[in-house]
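Letter by letter, the chains look like this.
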Amino acid sequence: MALASKIGKTVEPAHMKHYGQEQKSIIRQSSLKSAVNIVSSMSLEGKSLDEVKEMTFHLAQQFEEWVLR
């Protein structure tokens with residue numbers, strides 16, 4: 001029983017670290033998808049590709065920050 005307890009304590013933090021990174025990746029992907037949906041529905045006439053990318057990434061970052069607050 002003592003050995004199982006030691007192994008559990010050793011394994012759990014590594015698993016939780018991976019889980020946390022996976023969750024952050026999912027949040028980032030979802031935020032970017034939402035930002036793309038919103039920006040693509042806007043009138044982008046006269047905007048350069050760089051301006052559209054900047055707006056999209058900025059909005060995605062705001063979504064991600066809101067979720068992680």
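We now turn to the structure provided with this report. None of the values given here were measured: they were computed from a predicted structure. (Residues numbered from 1 in each chain as written. Predicted model: local features only at pLDDT ≥ 70, side-chain atom pairs only at ≥ 80, totals over all residues. Heavy atoms only, no water.)

### Notes on the nonpolar core
So, step 1. By size, the foremost hydrophobic cluster in this structure holds 5 residues: Ala35, Val39, Val52, Leu59 and Ala60.
So, step 2. Among the secondary structure elements, those contributing two or more residues to this core are helix H1 (2–40) and helix H2 (49–68).
So, step 3. Among the elements that line this core, the one with the most residues is H2, at 3 residues.
So, step 4. Not counting residues up to four positions away in its chain, the partners in contact with Val39 are Leu44, Val52, Met55, Thr56 and Leu59. (Core = buried A, V, L, I, M, F, W, Y, C linked by side-chain atoms within 4.5 Å. Buried < 20%, exposed > 50% of the residue type's maximum accessible area, 1.4 Å probe, protein only. Helix = DSSP H or I, 4+ residues; strand = E, 2+ residues; numbered from the N terminus. Contact = heavy atoms within 4.5 Å.)

### Brief notes about H2
So, step 1. Its 20 residues place the ends of H2 28 Å apart at the C-alpha level, agreeing with the 28 Å of an ideal helix rising 1.5 Å per residue.
So, step 2. For H2, the complete set of buried residues consists of Val52, Thr56, Leu59, Ala60 and Glu64. Buried residues of H2, seen end-on, are gathered within an arc of 140° and therefore sit on one face of the element. Across from the buried face of H2, at angles greater than 90 degrees, the exposed residues are Asp50, Glu54, Phe57 and Trp66. (Expected span 1.5 Å × (residues − 1). Arc of directions from axis to C-beta.)

### Overview of the pattern of salt bridges
So, step 1. A full pass over the atoms with the stated rule returns 2 salt bridges.
So, step 2. Residues Arg28 and Glu64 are paired through a salt bridge, measuring 2.8 Å at the closest nitrogen-oxygen approach. Of this pair, Arg28 sits in helix H1 while Glu64 sits in helix H2, and the two are 36 residues apart along the sequence.
So, step 3. Judged by its relative accessible area of 12%, Glu64 falls in the buried class.
So, step 4. Across the salt bridge formed by Lys53 and Asp50, the nearest N and O atoms sit 3.7 Å from each other. Of this pair, Lys53 and Asp50 are both found in helix H2, 3 residues apart, which corresponds to roughly one turn of the helix.
So, step 5. Classification of Asp50 by relative accessible area gives exposed; the value is 53%. (Salt bridge = Lys/Arg side-chain N within 4 Å of Asp/Glu carboxyl O.)

### Comments concerning the side chain of Glu64
So, step 1. Reaching out from Glu64, the side chain makes a polar contact with the side chain of Arg28 at a distance of 2.8 Å.
So, step 2. Setting aside chain neighbours within four positions, we find Glu64 in contact with Lys24, Ile27, Arg28 and Ser31. (Polar contact = N/O pair within 3.5 Å; in protein donor to acceptor, adjacent residues only side chain to side chain.)

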